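For reference, the chains in residue letters:
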Amino acid sequence: MARKLSLYEVEDGMILAEDVVDEVTGNVLMPKDSVLDFASKNRLENYHVHSVLIVDTNDEEKDSILMNAVLTESYNAIEEELVGIYEDLKSGKEIYFSEDDNKFEILSREAAEENDILSQLYLLKNKDDYTYNHGMGVGVLAAKLGGWLNLSANDIKKLSIAGTFHDIGKVKIDDSIVFKRGPLTDEEYEEIKKHPQHSYDIVKEYSDYDQDILDAIHHHHERLDGSGYPHGLKGDEISMFARIIGVCDVYHAIISNRVYKPKDSPFKAARILRESSFQHLDPYVVRVFLDNISRFYVGNKVLLSDGRKGTIVYIDQVDRDAPVVKVGEEFIDFKVRRDIKILEITI
Ligand SMILES: [Fe+2]
């Protein structure tokens, strides 16, 4: 539904239902789906536009469209910065981190509220490149997890920054190692283990980000029992920020396609996280993460290993890695069915 309004009747946040075209030149002055505000209305007025066709939505729909527009815009701005820094580092150019962290503030705020963020994560994937997708994915997941842990807005923003740039140091390691298809030799693994230090050095040198962010980046591969790297820190030596990035990093790596392995389902990721929470990852952080993330999967479509597609209808809060899936008229309980697997969640 759409309705025609004079420019004076248009309120901030209303959405254009059709392109606004300059009657003289035929140029599109403002495309369909643009969100109108004071500045854009002014611009239209300067072009002597007197009325526009507005999307007529109910408030709930409008909130959702607006939220997605704002989220998409800040997501794209962050991705642009991440890709720019990565490519400039790669080609040896001088780099700089933007001092304006407003986009992280917006993304964190929306990520903390946007219930459909996981679907958004899939939809917003612009670059089909693990390096960027992983930074973006961990940034969003960390903000989400910060919200579930009831952290302050400022801490959530720090988490989304740390998540975005946590692996930027991989740029300093030879591509033949980072993107190797087979298993790594001992020497190659030693090289890979340097990346948190490289990430820390880069972000410390070129940004004004504070110690919380730097520690989270530096220590995202440290593990509670001292088995992590680069320093083998233990227990309390690893900050809460680093533990949160660590959990999101492991989860996102499992559910992503890598050069050496196809992606696994979030249910396998849940099982691995749960098993890791005994010695490696913070058990409380893992529990809050899994308690909350599993809720989002109910209603999603899944692809099964026998080629059939189904819908997740129930996830047991105790056994989160074994949902019930409806395929046609059949209900498959993965607690008892072992002959088929869930390959992936589809949208
Ligand atoms: Fe890493």
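Residues numbered from 1 in each chain as written. Predicted model: local features only at pLDDT ≥ 70, side-chain atom pairs only at ≥ 80, totals over all residues.

1. Digging into the overall build of the protein chain
The secondary structure content of the protein chain amounts to 13 helices and 9 strands. Expressed along its principal axes, the backbone C-alpha trace of the protein chain runs to roughly 70 × 60 × 35 Å. (Helix = DSSP H or I, 4+ residues; strand = E, 2+ residues; numbered from the N terminus.)

2. Here's the deal with the nonpolar core
In terms of nonpolar packing, the biggest core is built from 58 residues, with Ala142, Ala162, Ile244, Ile245, Val247 and Cys248 touching the most fellow members. Per-domain counts for this core show at least three residues from each of domain 2 (60–263) and domain 3 (298–346). With sequence-adjacent residues up to four places away left out, alanine 162 is seen in contact with Ala142, Ile213, Ala216, Ile217, Phe241 and Ile245. (Core = buried A, V, L, I, M, F, W, Y, C linked by C-beta atoms within 7 Å. Buried ≥ 20, exposed ≤ 12 C-beta atoms within 10 Å, placed from the backbone. Domains from an automatic or database assignment. Contact = placed C-beta atoms within 7 Å.)

3. Looking at the environment of lysine 326
Position of lysine 326 among the secondary structure elements: in strand β7 (residues 324–327). For lysine 326, a count of 14 C-beta atoms within 10 Å corresponds to the partly exposed category. Put simply, lysine 326 and phenylalanine 104 are 222 residues apart on the chain and 38 Å apart in space, counted from C-alpha to C-alpha. Those residues in contact with lysine 326 that lie beyond four places of it in its chain are Gly310, Thr311, Val313 and Phe331.

4. Things to note about the environment of arginine 320
You can see arginine 320 is positioned in the loop between β6 (309–314) and β7. Arginine 320 gets classed as buried once you count the C-beta atoms within 10 Å, which come to 20. On a C-alpha basis, the gap between arginine 320 and phenylalanine 267 in space is 7.1 Å, while along the polypeptide they are 53 residues apart. Those residues in contact with arginine 320 that sit more than four places away from it in its chain are Ala270, Leu290, Ser294 and Ile315.

5. Quick notes on the domain arrangement of the protein chain
Structurally, the protein chain comprises domain 1 (2–56), domain 2 (60–263) and domain 3 (298–346). The distance between the C-alpha centroids of domain 2 and domain 3 comes to 29 Å.

6. Description of the pairing of strand β4 (residues 51–55)
Residues Val52 and Ile54 point to one face of β4 and are all buried, whereas Ser51, Leu53 and Val55, pointing to the other face, are not buried. Bridging between strand β1 (residues 2–6) and β4 involves 5 bridges; their strand directions are antiparallel. Bridge assignment links alanine 2 to a residue of β4, and that residue is valine 55. (Pairing = 2+ DSSP bridges.)

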